[in-house]
Amino acid sequence: MQPPPKPHPADDLASRSVQAVWHPCTQMKRHETAPPLEIVRGEGVWLVDAQGRRILDAISSWWVNLFGHNQPAIKAAIAAQMDRVEHVMLAGLTHAPVVELSERLRARTGLGHAHYASDGSSATEIALKMSAHYWRNAGQPQKNRFIGLAGGYHGETVGALSVTDIPLFRASYAPLVRLSATVPAPDPRFAPAGMDEAAWVAHCAAELERHLQDHADHTAALIVEPLVQCASGFAFHPPAYLAQVRALCTRYGVHLVADEIAVGMGRTGTLLACEHAGVQPDFLCLSKGLTGGYLPLSVVLTTDAVYQAFYDDDVARGFLHSHSYTGNPLACSAALATLDLLDDAQLAANRELGARLDALFAPLHAHPRLRHGRRLGTIWAWDVADAPADFSRRFAAEALARGALLRPIGSTLYFMPPYVIDTAAAARLRDAALDALHAVLGAAASSTPATQPALP
Ligand SMILES: *Cc1c(COP(=O)(O)O)cnc(C)c1O
């Protein structure tokens, strides 16, 4: 067991950081008692702090890192591109990495037209705008509303918030946001007593159909995180639901946007989560792991039918959306190197890894205070029963003191490690989590329910 971080003198990097850096997803006042941890190096699944302590990155640095830190092939690809040209604007110009990446994504997803941005929220914005603009170009400008799933998360820019159903992120900006409709997702945890999975899926699909019957005329698209809604606390739904969503969107003339920003790139055991359901979306959003966690890049892939609706002599019928760093060559080179690594053999290895670690995590599945143990690919989640107030923050601190980077969402503990985690590291992760659970739950004399809001 490693000692907890020492109190910091006022001029160390952590103190300077809280003075100068407004950290994301953070109530800054909390840094008074828990300063940010300075990381100086990374190696595989490990991060190394300024004191030389090794910390297991069990959440892939907010779900972006696939093949570990300091990954030789991705580094080499970026370095090689850096010697050629670091950036090429994409209006009027082009470059090999963005063309090759688009062609390779087309070959692997069946979606032939790639529009780039630098982060996931921007991909959501692009998909929503492109869908509504499609309907406008198709002579149905009134089709400009959206549907999301309850508990959905699609980013935090103002447009993305309109389909993000997490009140903590949205409530403060309510006057700015044009709310979308939400329909329930068939999360098995919330199935009514006595209802089997098929009936629960059918029930939720029927709710969507009821909404579409009344509102399809004004609806451009439905957006979904296929199979796992990560940010709201790892809510799973069965592939059968996704297949029904696809069928309903087709029947009612509404686009399906698959936000695979978190679950794409091999995380669920297939390249895309949609593949589990044999579903082809009209728009596919990728980001996070797209560059293996090296550089910010996102892409929206879409169909010939959508593309053709914009193809015209009239400039205003085109999709004029742009970002300065769209399709950046360094980022595209990192994505190409990542796709090289993520071949069929690697996807098979990911499936094997998921099953093998699941057995290793049996003590967590059997833990008396952990409920609803669930796994898809290399995503694990458990809900802590009767979690004490502030469970997430206290657990994260205890896990860090034991050398594991973990950030429960509310009372949901999850692992989403890089694909290169080995059995020994996974065993250490399991033991760190069990010890941290004991430290937090054992210490809670009378357990008051968790009241702190859930932050990813
Ligand atoms: C993280 C995430 C986003 C937002 O991506 P950013 O790069 O953080 O803007 C959107 N959708 C899903 C499903 C995500 O997990």
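Residues numbered from 1 in each chain as written. Predicted model: local features only at pLDDT ≥ 70, side-chain atom pairs only at ≥ 80, totals over all residues. Heavy atoms only, no water.

Undergrad: Can you lay out the pattern of salt bridges for me, pointing to particular residues and giving the numbers?
TA: For the structure shown, the criterion picks out 18 salt bridges. Its salt-bridge partner being R251, residue E209 comes within 3.3 Å of it at the nearest N-O pair. With E209 in helix 8 (residues 197-215) and R251 in helix 9 (residues 239-252), this residue pair connects regions lying 42 residues apart in the sequence. Note on E209: relative accessible area 22%, which makes it partly exposed. We note a salt bridge from R374 to D383, for which the minimum N-O separation is 3.1 Å. Across the pair, exposure class does not vary: R374 and D383 are buried alike. What emerges from the salt-bridge pattern is a single network uniting D187, R189, R374 and D383. (Salt bridge = Lys/Arg side-chain N within 4 Å of Asp/Glu carboxyl O. Helix = DSSP H or I, 4+ residues; strand = E, 2+ residues; numbered from the N terminus. Buried < 20%, exposed > 50% of the residue type's maximum accessible area, 1.4 Å probe, protein only.)

Undergrad: An account of empty space enclosed by the protein is needed here, citing residue identities and associated values.
TA: Across all of its chains, the model carries one cavity of 30 Å³ or more by this definition. A volume near 40 Å³ is recorded for the largest cavity. Lining of the largest cavity is provided by W63, L66, E260, I261, A262, G264, M265, R267, S287, K288, G289 and Y419. Per-class residue counts for the lining of the largest cavity are six nonpolar, three polar and three charged. Residues from two domains meet in the lining of the largest cavity; each of domain 2 (37-66 + 344-386 + 400-446) and domain 3 (72-341) gives at least three. (1 Å grid on protein atoms, 1.4 Å probe; cavity = no way out; pocket = protein on both sides within 12 Å on 5 of 7 lines; lining within 4 Å. Points joined across faces, edges and corners; volume = space filled by probe spheres on them. Nonpolar A, V, L, I, M, F, W, Y, C, P; charged D, E, K, R; others polar. Domains from an automatic or database assignment.)

Undergrad: How would you summarise the site of the ligand if you had to cite specific residues and measurements?
TA: Neighbouring residues of the ligand: W63, D119, G120, S121, Y153, H154, G155, E225, D259, I261, A262 and K288. With respect to the ligand, the backbone of G120 contributes an N or O atom lying 2.7 Å from an oxygen atom. Here D259 contributes a side-chain N or O atom positioned 2.6 Å from a nitrogen atom of the ligand. Contact with the protein chains hides 84% of the accessible area of the ligand, taken as 380 Å² for the molecule alone. (Near = heavy atom within 4 Å. Polar contact = N/O pair within 3.5 Å; in protein donor to acceptor, adjacent residues only side chain to side chain. Areas by Shrake-Rupley, 256 points an atom, 1.4 Å probe, with all protein chains shown as cover.)

Undergrad: Got a sec to walk through the side chain of T164? Specific residues and values, please.
TA: Within the secondary structure layout, T164 lies in the loop between helix 6 (158-161) and helix 7 (167-170). At 3.0 Å, the side chain of T164 and the backbone oxygen of G155 are in polar contact. Those residues in contact with T164 that lie beyond four places of it in its chain are G152, Y153, H154, G155 and R170. (Contact = heavy atoms within 4.5 Å.)

Undergrad: Lay out the packing of aromatic side chains in plain terms, naming residues and giving numbers.
TA: Enumeration according to the criterion identifies 13 aromatic pairs in this entry. Relative to Y414, the ring of W63 lies with its centre 6.1 Å away and its plane at 85°, an arrangement referred to as edge-to-face. With W63 in helix 2 (residues 60-63) and Y414 in strand 16 (residues 412-415), this pair connects stretches of sequence that are 351 residues apart. On the basis of an interplanar angle of 75° and a centroid distance of 5.0 Å, the ring pair of F361 and F415 is categorised as edge-to-face. Of the two residues, F361 is situated in the loop between helix 12 (344-360) and helix 13 (362-365) and F415 in strand 16; the sequence distance between them amounts to 54 residues. For the pair F361 and F415, one class covers both residues: buried. Across the ring face of W46, the terminal group of R54 is positioned such that the distance to the ring centre comes to 4.6 Å. One cation-aromatic arrangement involves K143 over W135; the distance from NZ or CZ to the ring centre is 4.4 Å. (Phe/Tyr/Trp six-rings, centres within 6.5 Å; stacked < 30°, edge-to-face > 60°. Lys NZ or Arg CZ within 6 Å of the ring centre and 35° of its normal.)

Undergrad: Would you mind going over the domain arrangement of the protein chain in detail, with residue names and values included?
TA: Taken domain by domain, the protein chain holds domain 1 (1-36), domain 2 (37-66 + 344-386 + 400-446) and domain 3 (72-341). Carbon and sulfur atoms supply 65% of the area that domain 2 and domain 3 bury against each other, a total of about 2100 Å² over both sides. Here domain 2 and domain 3 share one salt bridge between them. One salt bridge in this structure joins R189 and D383, with 2.9 Å as the shortest N-O distance. Summed over the shared surface of domain 2 and domain 3, the number is eleven residue pairs in polar contact (both at pLDDT 80 or more). Taken together, the elements giving at least two residues each to the side of domain 2 that touches domain 3 come down to helix 2, helix 12, strand 13 (370-376), strand 14 (379-384) and strand 16. (Buried area = accessible area lost by both parts, 1.4 Å probe.)

Undergrad: Summarise the sheet that holds strand 1 (residues 39-43); cite the residues concerned and give the values.
TA: If you walk across this open sheet you meet the four strands as 1-2-3-15, and the pairing is mixed. Of all the strands in the sheet, just strand 1 and strand 15 (404-405) have a single pairing partner and so form its edges. Here strand 3 (residues 54-57) pairs with strand 15 via two bridges, running parallel. Across the sheet, residue L56 finds its bridge partner in strand 15, namely A404. (Pairing = 2+ DSSP bridges.)

Undergrad: Tell me about the environment of C332, and please be specific about residues and values.
TA: Within the secondary structure layout, C332 lies in helix 11 (residues 329-341). In sequence terms C332 and L101 are 231 residues apart; their C-alpha atoms lie 6.5 Å from each other. In this structure C332 touches H95, P97, V98, L101, L297 and G327, once residues within four positions along its chain are discounted.

Undergrad: Can you explain helix 4 (residues 96-109)? Please cite residues and give values.
TA: With 14 residues, helix 4 should cover 20 Å at 1.5 Å per step; its first-to-last C-alpha distance of 20 Å lies within 8% of that length. Restricting attention to buried positions, one finds in helix 4 the residues P97, V98, L101, S102, L105 and T109. All buried residues of helix 4 fall inside an arc of 130° around its axis, so they share one side. Summarising the geometry of helix 4, the exposed residues directed more than 90 degrees from the buried face are A96 and A107. Summarising the contacts, the buried residues of helix 4 are in contact with helix 3 (72-84), strand 4 (113-117), strand 11 (283-286), strand 12 (298-302) and helix 11. Immediately beyond the C-terminal end of helix 4, within one or two residues, lies G110, with a positive phi of roughly 80°. (Expected span 1.5 Å × (residues − 1). Arc of directions from axis to C-beta.)

Undergrad: Quick one: what's the story with unusual backbone geometry, residue by residue and with numbers?
TA: Look at K288: it is not a glycine, yet its phi comes out positive at around 35°. Structurally, the position occupied by K288 is in the loop between strand 11 and strand 12. Phi angles above zero are rare outside glycine, and D390 is one such case at about 65°. Considering the arrangement of structural elements, one finds D390 in the loop between strand 14 and helix 14 (391-401).

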